[in-house]
Amino acid sequence: MRQTKTVEIMVGVFVVAGMAALFMLAMKVSNISTLNDNNGYEVTAYFENVGGLKVRSPVTASGVNVGRVADIRYDDKLFEALVTLKLDRNYHLPVDSSASIFTSGLLGEQYVGLEPGGATDDLKNGDRIKITQSALILEQIIGRVLFSKAAEGNTK
Amino acid sequence: MVEWLARLGRAGLSFFQRLGRGHLFLLQILAGLPGLLLRPRLVIQQLYSIGVLSLLIIVVSGLFVGMVLGLQGYNTLVDFGAAQSLGVVVALSLVRELGPVVAALLYGGRAGSALAAEIGLMKATEQLSGMEMMAVDPIDRVIAPRFLAGAIAMPLLAAIFSAVGVWGGYFVGVGLLGVDEGAFWSQMQAHVDLYDDVLNGVIKSTVFGFVATWIAVFEGYDAVPTSEGVSRATTRTVVHTALAVLGLDFVLTALMFGNH
(Lines give C-alpha, C1' and ligand atoms only; values in the text may rest on other atoms or scores of the structure.)
Protein backbone atom coordinates (compact mmCIF):
# COMPACT_ATOMS: atom_id res chain seq x y z
CA MET A 1 0.00 0.00 0.00
CA ARG A 2 2.81 2.35 0.92
CA GLN A 3 4.44 1.47 -2.38
CA THR A 4 1.42 2.56 -4.43
CA LYS A 5 1.18 5.77 -2.39
CA THR A 6 4.73 6.74 -3.32
CA VAL A 7 4.05 5.87 -6.94
CA GLU A 8 0.96 8.04 -6.96
CA ILE A 9 2.83 10.95 -5.41
CA MET A 10 5.65 10.60 -7.94
CA VAL A 11 3.17 10.55 -10.82
CA GLY A 12 1.46 13.59 -9.37
CA VAL A 13 4.81 15.40 -9.22
CA PHE A 14 5.53 14.35 -12.80
CA VAL A 15 2.21 15.64 -14.13
CA VAL A 16 2.59 18.91 -12.20
CA ALA A 17 6.14 19.33 -13.53
CA GLY A 18 4.93 18.75 -17.09
CA MET A 19 2.10 21.24 -16.70
CA ALA A 20 4.48 23.74 -15.10
CA ALA A 21 6.86 23.35 -18.04
CA LEU A 22 4.01 23.98 -20.50
CA PHE A 23 2.90 26.96 -18.44
CA MET A 24 6.43 28.33 -18.40
CA LEU A 25 6.72 27.91 -22.17
CA ALA A 26 3.41 29.71 -22.64
CA MET A 27 4.03 32.57 -20.22
CA LYS A 28 7.75 33.17 -20.24
CA VAL A 29 8.83 32.05 -23.69
CA SER A 30 5.95 32.99 -25.96
CA ASN A 31 4.21 36.29 -26.56
CA ILE A 32 0.99 35.59 -24.69
CA SER A 33 1.70 38.29 -22.14
CA THR A 34 2.29 41.08 -24.66
CA LEU A 35 -1.03 41.34 -26.45
CA ASN A 36 -4.40 39.72 -26.44
CA ASP A 37 -5.96 39.47 -29.89
CA ASN A 38 -9.56 40.31 -29.05
CA ASN A 39 -8.58 43.24 -26.89
CA GLY A 40 -8.15 46.39 -28.96
CA TYR A 41 -9.33 48.59 -31.78
CA GLU A 42 -8.50 48.63 -35.47
CA VAL A 43 -7.34 51.53 -37.58
CA THR A 44 -6.36 51.51 -41.25
CA ALA A 45 -3.64 53.25 -43.21
CA TYR A 46 -2.75 53.45 -46.88
CA PHE A 47 0.89 52.99 -47.85
CA GLU A 48 2.46 53.41 -51.26
CA ASN A 49 4.75 50.50 -50.54
CA VAL A 50 4.80 48.24 -47.49
CA GLY A 51 8.14 46.62 -48.31
CA GLY A 52 8.67 43.55 -46.14
CA LEU A 53 5.89 44.30 -43.65
CA LYS A 54 3.97 41.20 -42.62
CA VAL A 55 0.79 40.38 -40.78
CA ARG A 56 1.61 40.22 -37.04
CA SER A 57 4.51 42.67 -37.42
CA PRO A 58 4.72 44.99 -34.41
CA VAL A 59 3.24 48.49 -34.27
CA THR A 60 5.18 50.84 -32.04
CA ALA A 61 4.91 54.36 -30.70
CA SER A 62 8.14 55.87 -29.36
CA GLY A 63 9.57 52.36 -29.62
CA VAL A 64 6.95 50.83 -27.33
CA ASN A 65 4.91 47.98 -28.74
CA VAL A 66 1.29 49.22 -28.89
CA GLY A 67 -0.23 46.77 -31.36
CA ARG A 68 0.19 44.48 -34.32
CA VAL A 69 -0.45 44.52 -38.04
CA ALA A 70 -3.75 42.68 -38.46
CA ASP A 71 -4.14 42.64 -42.21
CA ILE A 72 -2.38 43.76 -45.40
CA ARG A 73 -4.19 43.91 -48.72
CA TYR A 74 -3.86 45.70 -52.04
CA ASP A 75 -6.50 48.30 -52.88
CA ASP A 76 -6.96 48.11 -56.65
CA LYS A 77 -8.95 51.37 -56.77
CA LEU A 78 -6.30 53.58 -55.17
CA PHE A 79 -3.39 51.35 -56.21
CA GLU A 80 -2.00 51.43 -52.73
CA ALA A 81 -1.56 48.92 -49.93
CA LEU A 82 -4.25 48.98 -47.24
CA VAL A 83 -2.80 48.02 -43.86
CA THR A 84 -5.05 47.32 -40.88
CA LEU A 85 -3.41 47.93 -37.52
CA LYS A 86 -4.77 46.45 -34.33
CA LEU A 87 -3.90 48.69 -31.40
CA ASP A 88 -4.05 47.90 -27.73
CA ARG A 89 -7.13 49.34 -26.04
CA ASN A 90 -5.02 50.88 -23.28
CA TYR A 91 -3.21 53.23 -25.68
CA HIS A 92 -4.90 56.30 -27.13
CA LEU A 93 -3.35 58.23 -29.98
CA PRO A 94 -4.47 61.53 -31.54
CA VAL A 95 -6.53 61.28 -34.69
CA ASP A 96 -3.86 63.10 -36.77
CA SER A 97 -1.07 60.68 -35.86
CA SER A 98 1.20 59.59 -38.68
CA ALA A 99 2.35 56.07 -39.52
CA SER A 100 5.68 55.12 -41.08
CA ILE A 101 7.25 51.81 -41.93
CA PHE A 102 10.69 51.40 -40.40
CA THR A 103 13.27 48.65 -40.33
CA SER A 104 14.74 47.55 -37.03
CA GLY A 105 18.46 47.40 -37.57
CA LEU A 106 20.11 47.04 -40.94
CA LEU A 107 18.77 43.57 -41.67
CA GLY A 108 15.98 43.42 -39.13
CA GLU A 109 12.30 42.98 -39.76
CA GLN A 110 10.02 45.85 -40.60
CA TYR A 111 7.49 47.43 -38.28
CA VAL A 112 5.01 50.30 -38.24
CA GLY A 113 6.01 53.32 -36.19
CA LEU A 114 3.28 55.72 -35.06
CA GLU A 115 3.98 59.34 -34.29
CA PRO A 116 1.29 61.20 -32.38
CA GLY A 117 -0.05 64.47 -33.78
CA GLY A 118 -1.54 67.40 -31.90
CA ALA A 119 -5.29 66.81 -32.20
CA THR A 120 -7.40 66.46 -29.09
CA ASP A 121 -9.59 63.69 -30.50
CA ASP A 122 -8.35 60.11 -30.24
CA LEU A 123 -8.24 57.46 -32.95
CA LYS A 124 -11.28 55.20 -32.78
CA ASN A 125 -12.09 51.79 -34.18
CA GLY A 126 -12.32 52.01 -37.99
CA ASP A 127 -10.49 55.34 -38.31
CA ARG A 128 -7.95 55.92 -41.03
CA ILE A 129 -4.46 57.31 -40.47
CA LYS A 130 -4.04 59.89 -43.24
CA ILE A 131 -0.36 60.79 -43.01
CA THR A 132 1.79 57.81 -43.92
CA GLN A 133 5.31 57.18 -45.06
CA SER A 134 6.20 54.11 -47.06
CA ALA A 135 8.94 51.63 -46.42
CA LEU A 136 12.39 52.50 -47.67
CA ILE A 137 13.26 50.12 -50.45
CA LEU A 138 17.01 49.56 -50.49
CA GLU A 139 17.15 49.07 -54.26
CA GLN A 140 15.38 52.41 -54.89
CA ILE A 141 17.83 54.25 -52.64
CA ILE A 142 20.81 52.62 -54.31
CA GLY A 143 19.27 53.48 -57.68
CA ARG A 144 18.83 57.10 -56.63
CA VAL A 145 22.40 57.35 -55.37
CA LEU A 146 23.73 55.86 -58.59
CA PHE A 147 21.55 58.25 -60.62
CA SER A 148 22.78 61.33 -58.76
CA LYS A 149 26.40 60.17 -59.04
CA ALA A 150 25.91 59.77 -62.78
CA ALA A 151 24.36 63.24 -62.96
CA GLU A 152 27.36 64.69 -61.09
CA GLY A 153 29.67 63.03 -63.56
CA ASN A 154 27.85 64.60 -66.52
CA THR A 155 28.09 68.16 -65.25
CA LYS A 156 31.88 68.05 -64.90
CA MET B 1 13.46 -16.27 -61.06
CA VAL B 2 10.02 -17.51 -60.02
CA GLU B 3 11.45 -18.38 -56.63
CA TRP B 4 12.80 -14.85 -56.30
CA LEU B 5 9.43 -13.34 -57.27
CA ALA B 6 7.69 -15.56 -54.76
CA ARG B 7 10.05 -14.44 -52.03
CA LEU B 8 9.43 -10.81 -52.92
CA GLY B 9 5.69 -11.40 -52.85
CA ARG B 10 5.94 -13.18 -49.51
CA ALA B 11 7.88 -10.29 -48.02
CA GLY B 12 5.34 -7.79 -49.36
CA LEU B 13 2.40 -9.82 -48.07
CA SER B 14 3.88 -10.22 -44.61
CA PHE B 15 4.66 -6.50 -44.51
CA PHE B 16 1.08 -5.57 -45.30
CA GLN B 17 -0.23 -8.22 -42.92
CA ARG B 18 1.80 -6.69 -40.13
CA LEU B 19 0.57 -3.25 -41.08
CA GLY B 20 -3.02 -4.45 -41.02
CA ARG B 21 -2.52 -6.28 -37.70
CA GLY B 22 -1.03 -3.13 -36.25
CA HIS B 23 -4.04 -1.04 -37.21
CA LEU B 24 -6.57 -3.62 -36.01
CA PHE B 25 -4.57 -3.77 -32.79
CA LEU B 26 -4.81 0.01 -32.47
CA LEU B 27 -8.59 -0.18 -32.89
CA GLN B 28 -8.74 -2.79 -30.13
CA ILE B 29 -6.66 -0.58 -27.85
CA LEU B 30 -8.87 2.44 -28.54
CA ALA B 31 -11.93 0.33 -27.78
CA GLY B 32 -10.32 -0.65 -24.47
CA LEU B 33 -9.59 2.94 -23.40
CA PRO B 34 -13.03 3.83 -21.93
CA GLY B 35 -12.78 0.86 -19.56
CA LEU B 36 -9.71 2.47 -18.00
CA LEU B 37 -11.94 5.09 -16.38
CA LEU B 38 -12.94 2.34 -13.97
CA ARG B 39 -9.34 1.38 -13.25
CA PRO B 40 -7.27 4.59 -13.18
CA ARG B 41 -4.74 2.94 -10.88
CA LEU B 42 -3.43 0.82 -13.78
CA VAL B 43 -2.70 3.99 -15.77
CA ILE B 44 -1.02 5.71 -12.82
CA GLN B 45 1.23 2.68 -12.30
CA GLN B 46 2.27 2.91 -15.97
CA LEU B 47 2.66 6.68 -15.86
CA TYR B 48 5.20 6.07 -13.13
CA SER B 49 7.28 3.54 -15.05
CA ILE B 50 6.96 5.36 -18.38
CA GLY B 51 6.93 9.01 -17.36
CA VAL B 52 8.56 9.46 -13.98
CA LEU B 53 11.40 7.04 -14.65
CA SER B 54 12.15 8.79 -17.97
CA LEU B 55 12.41 12.17 -16.27
CA LEU B 56 16.10 11.94 -15.44
CA ILE B 57 17.31 11.32 -18.98
CA ILE B 58 14.87 13.91 -20.36
CA VAL B 59 15.95 16.62 -17.92
CA VAL B 60 19.67 15.95 -18.32
CA SER B 61 19.47 15.76 -22.14
CA GLY B 62 17.28 18.86 -22.29
CA LEU B 63 19.70 20.82 -20.16
CA PHE B 64 22.70 19.86 -22.24
CA VAL B 65 20.96 20.33 -25.59
CA GLY B 66 19.92 23.81 -24.45
CA MET B 67 23.45 24.60 -23.28
CA VAL B 68 24.98 23.44 -26.54
CA LEU B 69 22.41 25.46 -28.50
CA GLY B 70 23.38 28.47 -26.42
CA LEU B 71 27.08 28.02 -27.18
CA GLN B 72 26.69 27.27 -30.88
CA GLY B 73 24.04 29.92 -31.44
CA TYR B 74 26.17 32.52 -29.70
CA ASN B 75 29.23 31.74 -31.80
CA THR B 76 27.24 32.14 -35.00
CA LEU B 77 25.18 35.15 -33.96
CA VAL B 78 28.02 37.17 -32.47
CA ASP B 79 29.58 37.48 -35.94
CA PHE B 80 26.49 39.40 -37.07
CA GLY B 81 26.26 41.46 -33.91
CA ALA B 82 22.98 39.71 -33.17
CA ALA B 83 23.95 37.89 -29.98
CA GLN B 84 20.84 39.30 -28.32
CA SER B 85 18.72 37.08 -30.54
CA LEU B 86 20.21 34.07 -28.78
CA GLY B 87 17.03 33.58 -26.78
CA VAL B 88 14.98 33.40 -29.97
CA VAL B 89 17.31 30.84 -31.53
CA VAL B 90 17.35 28.63 -28.45
CA ALA B 91 13.61 28.85 -27.75
CA LEU B 92 12.43 28.42 -31.33
CA SER B 93 14.65 25.44 -32.08
CA LEU B 94 13.67 23.77 -28.81
CA VAL B 95 9.95 24.47 -28.87
CA ARG B 96 9.42 23.76 -32.54
CA GLU B 97 11.79 20.89 -33.27
CA LEU B 98 14.28 19.61 -30.75
CA GLY B 99 11.90 19.37 -27.81
CA PRO B 100 9.34 17.09 -29.45
CA VAL B 101 11.79 15.16 -31.65
CA VAL B 102 14.67 14.51 -29.25
CA ALA B 103 12.27 13.81 -26.39
CA ALA B 104 10.44 11.31 -28.63
CA LEU B 105 13.70 9.60 -29.64
CA LEU B 106 14.79 9.37 -26.00
CA TYR B 107 11.33 8.20 -25.05
CA GLY B 108 11.49 5.48 -27.71
CA GLY B 109 14.85 4.33 -26.43
CA ARG B 110 14.07 4.58 -22.73
CA ALA B 111 10.38 3.74 -22.37
CA GLY B 112 9.38 2.23 -25.73
CA SER B 113 12.00 -0.51 -25.63
CA ALA B 114 11.07 -1.32 -22.03
CA LEU B 115 7.39 -1.56 -23.00
CA ALA B 116 8.11 -3.85 -25.94
CA ALA B 117 10.40 -6.09 -23.89
CA GLU B 118 7.93 -6.30 -21.01
CA ILE B 119 4.95 -7.16 -23.17
CA GLY B 120 7.01 -9.49 -25.36
CA LEU B 121 8.25 -11.34 -22.29
CA MET B 122 4.70 -11.54 -20.92
CA LYS B 123 3.75 -13.20 -24.17
CA ALA B 124 6.77 -15.50 -24.17
CA THR B 125 6.06 -16.64 -20.61
CA GLU B 126 2.39 -17.10 -21.54
CA GLN B 127 1.11 -14.59 -19.04
CA LEU B 128 -1.05 -13.03 -21.73
CA SER B 129 -2.67 -16.37 -22.65
CA GLY B 130 -3.02 -17.03 -18.92
CA MET B 131 -5.08 -13.86 -18.61
CA GLU B 132 -7.24 -14.92 -21.52
CA MET B 133 -7.87 -18.23 -19.77
CA MET B 134 -9.16 -16.27 -16.79
CA ALA B 135 -11.45 -14.30 -19.10
CA VAL B 136 -9.39 -11.13 -18.60
CA ASP B 137 -8.76 -9.35 -21.87
CA PRO B 138 -4.99 -8.67 -21.96
CA ILE B 139 -5.55 -5.73 -24.29
CA ASP B 140 -7.85 -4.02 -21.79
CA ARG B 141 -5.77 -4.97 -18.80
CA VAL B 142 -2.15 -4.76 -20.02
CA ILE B 143 -1.92 -2.91 -23.32
CA ALA B 144 -4.47 -0.09 -23.04
CA PRO B 145 -3.12 1.36 -19.74
CA ARG B 146 0.39 1.39 -21.14
CA PHE B 147 -0.77 3.01 -24.35
CA LEU B 148 -2.74 5.72 -22.58
CA ALA B 149 0.07 6.38 -20.12
CA GLY B 150 2.57 6.73 -22.96
CA ALA B 151 0.32 9.08 -24.88
CA ILE B 152 -0.13 11.26 -21.79
CA ALA B 153 3.50 11.16 -20.68
CA MET B 154 5.13 12.08 -23.98
CA PRO B 155 3.78 15.66 -24.37
CA LEU B 156 4.65 16.34 -20.74
CA LEU B 157 8.17 14.99 -21.21
CA ALA B 158 8.63 17.10 -24.35
CA ALA B 159 7.42 20.21 -22.54
CA ILE B 160 9.82 19.54 -19.67
CA PHE B 161 12.61 18.98 -22.19
CA SER B 162 11.94 22.32 -23.90
CA ALA B 163 11.58 24.26 -20.66
CA VAL B 164 14.77 22.83 -19.18
CA GLY B 165 16.54 23.43 -22.50
CA VAL B 166 15.54 27.09 -22.51
CA TRP B 167 16.99 27.41 -19.02
CA GLY B 168 20.15 25.63 -20.17
CA GLY B 169 20.50 28.13 -22.99
CA TYR B 170 19.87 30.91 -20.49
CA PHE B 171 22.62 29.69 -18.14
CA VAL B 172 25.18 29.51 -20.93
CA GLY B 173 24.07 32.62 -22.82
CA VAL B 174 23.42 35.00 -19.95
CA GLY B 175 25.53 33.43 -17.23
CA LEU B 176 28.61 32.39 -19.15
CA LEU B 177 28.74 34.44 -22.33
CA GLY B 178 27.29 37.68 -21.04
CA VAL B 179 24.25 38.16 -23.28
CA ASP B 180 21.97 40.81 -21.82
CA GLU B 181 19.34 39.12 -19.67
CA GLY B 182 16.48 41.46 -20.57
CA ALA B 183 17.16 41.17 -24.29
CA PHE B 184 17.40 37.38 -24.01
CA TRP B 185 13.87 37.05 -22.63
CA SER B 186 12.18 39.96 -24.40
CA GLN B 187 13.48 38.98 -27.85
CA MET B 188 12.32 35.45 -27.15
CA GLN B 189 8.87 36.61 -26.13
CA ALA B 190 8.62 38.87 -29.14
CA HIS B 191 9.40 36.11 -31.62
CA VAL B 192 7.91 32.96 -30.15
CA ASP B 193 4.19 32.71 -30.77
CA LEU B 194 1.94 30.82 -28.38
CA TYR B 195 -0.16 29.20 -31.09
CA ASP B 196 2.24 28.95 -34.02
CA ASP B 197 5.19 27.67 -32.03
CA VAL B 198 4.33 26.39 -28.56
CA LEU B 199 0.99 24.82 -29.43
CA ASN B 200 2.33 23.25 -32.61
CA GLY B 201 5.18 21.77 -30.57
CA VAL B 202 2.65 20.27 -28.17
CA ILE B 203 0.65 18.84 -31.09
CA LYS B 204 3.84 17.34 -32.50
CA SER B 205 4.82 15.71 -29.24
CA THR B 206 1.29 14.36 -28.78
CA VAL B 207 1.42 12.74 -32.21
CA PHE B 208 4.88 11.36 -31.49
CA GLY B 209 3.76 9.96 -28.15
CA PHE B 210 0.78 8.28 -29.76
CA VAL B 211 2.84 6.72 -32.55
CA ALA B 212 5.88 5.78 -30.44
CA THR B 213 3.73 4.04 -27.82
CA TRP B 214 1.65 2.34 -30.46
CA ILE B 215 4.78 0.95 -32.12
CA ALA B 216 6.19 -0.21 -28.77
CA VAL B 217 3.09 -2.05 -27.55
CA PHE B 218 2.42 -3.55 -30.97
CA GLU B 219 5.98 -4.82 -31.40
CA GLY B 220 5.79 -6.35 -27.94
CA TYR B 221 2.39 -7.92 -28.53
CA ASP B 222 3.31 -9.17 -31.98
CA ALA B 223 6.73 -10.53 -30.95
CA VAL B 224 7.69 -14.13 -31.67
CA PRO B 225 7.42 -15.62 -28.17
CA THR B 226 11.04 -16.63 -27.80
CA SER B 227 13.96 -14.82 -26.23
CA GLU B 228 15.27 -14.06 -29.70
CA GLY B 229 11.86 -12.79 -30.79
CA VAL B 230 11.67 -10.45 -27.80
CA SER B 231 15.14 -9.12 -28.51
CA ARG B 232 14.16 -8.52 -32.15
CA ALA B 233 10.96 -6.78 -31.09
CA THR B 234 12.90 -4.46 -28.78
CA THR B 235 15.36 -3.54 -31.52
CA ARG B 236 12.59 -3.00 -34.03
CA THR B 237 10.75 -0.77 -31.59
CA VAL B 238 13.68 1.60 -31.23
CA VAL B 239 14.45 1.66 -34.95
CA HIS B 240 10.86 2.04 -36.10
CA THR B 241 10.13 4.68 -33.50
CA ALA B 242 13.10 6.74 -34.63
CA LEU B 243 12.12 6.39 -38.29
CA ALA B 244 8.45 7.14 -37.67
CA VAL B 245 9.23 10.16 -35.49
CA LEU B 246 11.66 11.68 -37.97
CA GLY B 247 9.40 10.99 -40.94
CA LEU B 248 6.30 12.32 -39.20
CA ASP B 249 8.27 15.33 -38.03
CA PHE B 250 8.92 16.31 -41.62
CA VAL B 251 5.26 15.90 -42.55
CA LEU B 252 4.04 17.83 -39.52
CA THR B 253 6.61 20.59 -40.01
CA ALA B 254 5.59 20.94 -43.65
CA LEU B 255 1.93 21.17 -42.61
CA MET B 256 2.51 23.61 -39.75
CA PHE B 257 5.28 25.87 -40.97
CA GLY B 258 5.27 25.19 -44.72
CA ASN B 259 2.95 28.01 -45.78
CA HIS B 260 4.95 30.92 -44.43
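That block above? That's the structure.
The text that follows walks through the structure, step by step, so that each part is easy to find. Please read these numbers as outputs of a predicted model, since none were measured by experiment.

### Some points on the overall build of chain B
- A count of helical and extended segments in chain B gives nine helices and zero strands.
- Put simply, chain B runs from its N terminus to its C terminus through helices and strands in the order α-α-α-α-α-α-α-α-α.
- Taken over the C-alpha atoms alone, chain B extends approximately 65 × 55 × 30 Å along its principal axes.
- Residues classed as buried in chain B amount to 44% of the 260 residues present.
- By sequence separation, contacts in chain B at least 24 residues apart represent 86% of the contacts at least 6 residues apart.

### Quick look at the overall build of chain A
- On a plain count of helices and strands, chain A comes out with two helices and eight strands.
- When the elements of chain A are put in sequence order from the N terminus, they spell out α-β-β-β-β-β-β-β-β-α.
- Looking at chain A residue by residue over its 156 residues, the buried ones come to 24%.
- Counting only contacts in chain A whose residues sit at least 6 apart along the sequence, the fraction spanning at least 24 positions is 64%.

### Description of the sheet that holds strand β5 (residues 98-103) of chain A
Residue and element names in this part refer to chain A.
- The mixed open sheet is built from eight strands, whose spatial order is β7-β1-β4-β3-β2-β6-β5-β8. At either end of the open sheet lies a strand with only one pairing partner, and these are β7 (128-129) and β8 (131-133).
- Taken together, the four bridges between strand β2 (residues 58-61) and strand β3 (residues 64-75) define a ladder with antiparallel strand orientation. Each residue of the ladder has a partner; that of Thr-60, found in β3, is Asn-65.

### Here we look at the interface of chain A and chain B
- Across the boundary between the two partners, chain A contributes 19 residues, which contact 24 residues of chain B.
- Counted by class, the side of chain A that touches chain B contains 13 nonpolar, five polar and one charged residues.

### Focus on helix α4 (residues 86-124) of chain B
- Of all bends in α4 of chain B, the biggest is about 55°, found at Leu-94 of chain B.
- α4 of chain B sits mainly inside the fold: 28 of its 39 residues count as buried.

### Focus: unusual backbone geometry
Residues and elements named next belong to chain A.
- Positive phi, close to 55°, is recorded for Ser-62, a residue that is not glycine.
- Examined against the element boundaries, Ser-62 turns out to sit in the loop between β2 and β3.
- The backbone of Phe-79 shows a phi angle near 55°, a positive value even though the residue is not glycine.
- Tracing the sequence through the fold places Phe-79 in the loop between β3 and β4 (80-88).

### Looking at the environment of Ala-153 of chain B
- With respect to the helices, strands and loops of the structure, Ala-153 of chain B is situated in helix α6 (residues 138-176).
- For the pair Ala-153 of chain B and Ser-205 of chain B, spaced 52 residues apart in the sequence, the C-alpha separation amounts to 9.8 Å.

### As for the packing of helix α2 (residues 40-50) of chain B against α6 of chain B
Residues and elements named next belong to chain B.
- The contact between α2 and α6 brings their axes to 8 Å, and the two run at 55°. By the criterion of interaxial angle, the relationship of α2 to α6 is oblique. Pair α2 / α6 crosses with right-handed handedness. The residues of α6 that touch α2, namely those facing Leu-42, Val-43, Gln-46, Leu-47 and Ile-50, are Pro-145, Arg-146, Leu-148, Ala-149, Gly-150, Ile-152 and Ala-153.
- By residue class, the composition of the contact of α2 with α6 is nine nonpolar, two polar and one charged.

### Focus on the nonpolar core
- Grouped together as the largest cluster of nonpolar side chains are 78 residues, with contacts concentrated most on Leu-157 and Ile-160 of chain B.
- For this core, the secondary-structure elements that each account for two or more residues are α1 (2-29) of chain A together with α2, α3 (55-77), α4, α6, α7 (181-191), α8 (194-221) and α9 (227-257) of chain B.
- Ranked by the residues each element gives to this core, the list is headed by α6 of chain B, at 21 residues.
- When residues no more than four places from it in sequence are discounted, the contact partners of Leu-157 of chain B are Gly-51, Ser-54, Ile-58, Ala-103 and Tyr-107 of chain B.
- Among the nonpolar cores identified, the runner-up in size contains 21 residues, and Phe-47, Ala-81, Ala-99 and Ala-135 of chain A belong to it.

### Considerations on the pairing of β2 of chain A
Residue and element names in this part refer to chain A.
- Counted along the chain from β2 to the antiparallel partner β3, the turn is two residues long, and its residue Ser-62 has a positive phi close to 55°.
- In terms of strand pairing, β2 meets strand β6 (residues 110-115) through three bridges, oriented parallel. Within β6, the position partnered with Ala-61 by the bridge is Leu-114.

### Let's talk about the pairing of β3 of chain A
Residue and element names in this part refer to chain A.
- As paired elements, β3 and β4 share eight bridges and run antiparallel to each other. From the neighbouring strand, Arg-73 faces β4, where its bridge partner is Leu-82.
- Between β3 and the antiparallel strand that follows it, β4, lie four residues; Phe-79 among them carries a positive phi value of about 55°.

Analysis parameters
- Residues numbered from 1 in each chain as written.
- Chains lettered and ligands numbered in written order.
- Predicted model: local features only at pLDDT ≥ 70, side-chain atom pairs only at ≥ 80, totals over all residues.
- Helix = DSSP H or I, 4+ residues; strand = E, 2+ residues; numbered from the N terminus.
- Buried ≥ 20, exposed ≤ 12 C-beta atoms within 10 Å, placed from the backbone.
- Contact = placed C-beta atoms within 7 Å.
- Pairing = 2+ DSSP bridges.
- Nonpolar A, V, L, I, M, F, W, Y, C, P; charged D, E, K, R; others polar.
- Bend = angle between axes of the 7 residues up to and from the residue.
- Axes fitted to C-alpha atoms, helices over the stretch in contact; angles between N-to-C directions.
- Parallel < 35°, antiparallel > 145°, perpendicular 65-115°, else oblique.
- Left-handed = near helix turned anticlockwise from the far one by under 90°.
- Core = buried A, V, L, I, M, F, W, Y, C linked by C-beta atoms within 7 Å.

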